[in-house]
Amino acid sequence: DRPEERITVSSDWSDIRAIAVLLATQGMIRLGEIPDPLSGRAVLDAEGARFFIDLLRALQDKTESNLSPAEAAFLGDAVDNLQQILAKKTEAKNG
């Protein structure tokens, strides 16, 4: 277990967590966890979700040695959470 840290996302766009939140939110929309703001409907788009998961992984890879422990954990958690939701939803759909 990690000691709890208070994570605040600043309005400074250089904070990697703000970028991760933007990408993860799009992933959650594609996973049907958040209604699409344009249609108002929550629909699974597995390929769209994979795209945003892949973008987050690329961000993780490209910034690996430049992140603080809190930033690395935040980004890793975002990727892990999206992957778990995608796996559950695709298993249920194909089940």
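The numbering scheme is per chain: residues are counted from 1 as the chain's sequence reads. Note on the predicted model: pLDDT of at least 70 is required for a residue's local features to be given, and 80 or more for side-chain atom pairs to be given and counted; whole-chain, interface and lining totals, by contrast, use all residues. Side-chain calculation: all heavy atoms of the structure are included, whereas hydrogens and water are not.

Enquirer: I keep staring at the nonpolar core and nothing clicks. Help me out?
Expert: Put simply, buried Ala, Val, Leu, Ile, Met, Phe, Trp, Tyr and Cys residues joined by side-chain atoms within 4.5 Å make one nonpolar core. Accessible area is worked out with a 1.4 Å probe on protein chains only. A residue is then buried under 20% of its type maximum, exposed over 50%, and partly exposed in between. Ranked by internal contacts, the top residues of the largest apolar core, which has 18 residues, are Leu31, Leu56, Leu75, Leu82 and Leu86. Within the residue set of this core, elements represented by two or more residues are α1 (16-30), α2 (46-63) and α3 (69-94). Residue contacts are defined here by distance: any two heavy atoms, one from each residue, within 4.5 Å place the two residues in contact. When sequence neighbours within four positions are dropped, the list of residues in contact with Leu82 reads Ala24, Gly27, Met28, Leu31, Ile53 and Leu56. Counting from the N terminus, the helices are the DSSP runs of H or I reaching at least four residues and the strands are the DSSP runs of E reaching at least two.

Enquirer: Can you help me understand the environment of Leu23 in this one?
Expert: Counting through the fold element by element, Leu23 comes out in helix α1. Measuring from C-alpha to C-alpha, the distance between Leu23 and Val79 comes to 9.9 Å, with 56 residues separating the pair along the chain. The contact partners of Leu23, leaving out residues within four places of it in the chain, are Phe52, Leu55, Leu56 and Leu59.

Enquirer: How do you make sense of the pattern of salt bridges when you look at a structure like this?
Expert: Two side chains bearing opposite charge may form a pair once their charged atoms approach each other closely. Salt bridges are identified by distance alone: a Lys or Arg side-chain nitrogen within 4 Å of an Asp or Glu carboxyl oxygen. Going through the model one piece at a time under the given rule, you end up with four salt bridges. Residue Asp15 is joined to Arg17 by a salt bridge in which the shortest nitrogen-to-oxygen separation is 3.2 Å. Glu47 is the salt-bridge partner of Arg50, the closest N and O atoms lying 2.8 Å from each other. Note that Arg50 and Glu47 are positioned in helix α2 at a spacing of three residues, about one turn of the helix. For Arg50, a relative accessible area of 33% puts it in the partly exposed group. By relative accessible area, Glu47 is classed as exposed at 57%.

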